[in-house]
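Each chain, letter by letter, is given below.
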Amino acid sequence: MIRTVESAPHVSAPVLAAYSYCEAVTGRQARNFAYGIRLLPTPKRRAMSALYAFSRRVDDIGDGALPGEVKTARLEDTRGVLTRIREGEIDEDDTDPVAVALAHAAATFPIPLGGLDELIDGVLMDVRGETYETWDDLKVYCRCVAGAIGRLSLGVFGTEPYARGAERAPEYADTLGLALQLTNILRDVREDGEGGRTYLPSDDLAKFGCSAGFHGPTPPEGSDFAGLVHFEVRRARALFAEGYRLLPMLDRRSGACVAAMAGIYRRLLDRIERDPEAVLRGRVSLPGREKAYVAVRGLSGLDTRHVTRRAVRRRA
């Protein structure tokens, strides 16, 4: 069982200010993520915002326009902040509010901070411009930039006492992260292509005649772009199905948070499946009312009950 702290002792004014900064960053830059974590109790919501703000910093370095060697140096400097957090060297009056908040969160919850090192490793892969020949190759990258976030989040959520199979919770959290990342990759194929990047495995691109990449609102001439998208959608659905086995292991509000975030991405996947070329015409997103429905569904426990019933049928 992975234990968490449901309530925190008194939080000092400097730490509260640091958390407020992280929550502002999260609300401004991660609407889907912010939508999910608002379902959490305050201590968990704050901790998740600290994780997001640190992760956002890492991503922003990788996505920026600086030369590769400067990005690498800044990423290693950011890794140094993690070392300072681990060694208890971040004071409440430190000038870095993200470090202050993350240090407090890590002292409150059993967060496996090594996952943030993995995130940095994944962004360094981006800086080097690595490409991926097979799904197994791409999984390494996805585990760094998304699976690790799932495992970090589980450190905040924890698992319920006596939850069946809880020893596999980190594995399911990791797999759910892969499902979200593959959905992101599908959604962003044009944006990435225009930036000179194609994340989908080159084996898959060749199979469907898409090796030329994606640089405009129409698929490569003579390609089976819809076939490629449907192939990757099936892969993502399988990952979601496996990762959703985490839900019955979480308390109600943590499960609602996960179900809301994952549910938003599953609905994005539905839209992409119905109209594959939409991802080449613009950014596919959900309206606020649909996100609200997903959140209500998560709070109701419908997804958790569905997963539980399916597991019972398998054991019968």
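Figured I'd write up the structure that's included with this text.

Criteria and thresholds
Residues numbered from 1 in each chain as written. Predicted model: local features only at pLDDT ≥ 70, side-chain atom pairs only at ≥ 80, totals over all residues. Heavy atoms only, no water. Helix = DSSP H or I, 4+ residues; strand = E, 2+ residues; numbered from the N terminus. Buried < 20%, exposed > 50% of the residue type's maximum accessible area, 1.4 Å probe, protein only. Salt bridge = Lys/Arg side-chain N within 4 Å of Asp/Glu carboxyl O. Axes fitted to C-alpha atoms, helices over the stretch in contact; angles between N-to-C directions. Parallel < 35°, antiparallel > 145°, perpendicular 65-115°, else oblique. Left-handed = near helix turned anticlockwise from the far one by under 90°. Contact = heavy atoms within 4.5 Å. Nonpolar A, V, L, I, M, F, W, Y, C, P; charged D, E, K, R; others polar. Expected span 1.5 Å × (residues − 1). Polar contact = N/O pair within 3.5 Å; in protein donor to acceptor, adjacent residues only side chain to side chain. Core = buried A, V, L, I, M, F, W, Y, C linked by side-chain atoms within 4.5 Å.

Observations concerning unusual backbone geometry
For residues besides glycine, phi is generally negative; the peptide bonds are generally trans as well. In this structure, Tyr-162 takes a positive phi of about 65° despite not being glycine. On the secondary structure map, Tyr-162 appears in the loop between α7 (135-157) and α8 (169-187). Here Tyr-162 falls in the exposed class, since its relative accessible area comes to 83%.

A short note on the pattern of salt bridges
The final tally for this structure, using the stated rule, is 28 salt bridges. Arg-235 is the partner of Asp-204 in a salt bridge, and the nearest nitrogen-oxygen pair spans 3.0 Å. With Asp-204 in helix α10 (residues 202-207) and Arg-235 in helix α11 (residues 225-243), this residue pair connects regions lying 31 residues apart in the sequence. Residue Asp-204 shares its accessibility class with Arg-235, and that shared class is buried. Bridged by salt links that share partners, the residues Glu-76, Arg-79, Arg-86, Asp-117 and Asp-121 form one connected network.

Observations regarding the packing of helix α6 (residues 114-127) against α7
Orientation of α6 relative to α7, taken along the N-to-C sense of each, is 155°, at an axis distance of 8 Å. In terms of orientation, α6 and α7 fall into the roughly antiparallel class. Remark: the crossing between α6 and α7 carries left-handed chirality. Contacts between α6 and α7 pair Gly-115, Leu-116, Glu-118, Leu-119, Asp-121, Gly-122, Val-123, Met-125 and Asp-126 from the former with Val-140, Tyr-141, Arg-143, Cys-144, Val-145, Ala-148, Ile-149, Arg-151 and Leu-152 from the latter. Of the residues belonging to the contact of α6 with α7, the class tally is 11 nonpolar, two polar and five charged.

Describing helix α12 (residues 252-274)
Every α-helical turn comprises 3.6 residues, leaving residues that sit three or four positions apart pointing alike. The end-to-end C-alpha distance of α12 is 32 Å, a good match for the 33 Å that 23 residues give at a rise of 1.5 Å each. Two or three places before Arg-253, at the start of α12, stands the capping residue Asp-251, its side-chain oxygen 3.1 Å from that residue's backbone nitrogen.

Considering the environment of Arg-297
Its place among the elements puts Arg-297 in helix α14 (residues 288-300). Note: C-alpha distance between Arg-297 and Ala-256 (41 residues apart in sequence) is 8.0 Å.

Quick word on the nonpolar core
Leu-102, Leu-116 and Phe-225 are the most contacted members of the largest nonpolar core, which has 101 residues in total. Looking at this core, the element that brings in the most residues is α12, giving 12 residues. In this view, Leu-116 contacts Leu-51, Phe-54, Ser-55, Leu-82, Leu-102 and Leu-152; residues no more than four positions away in its chain are not counted.

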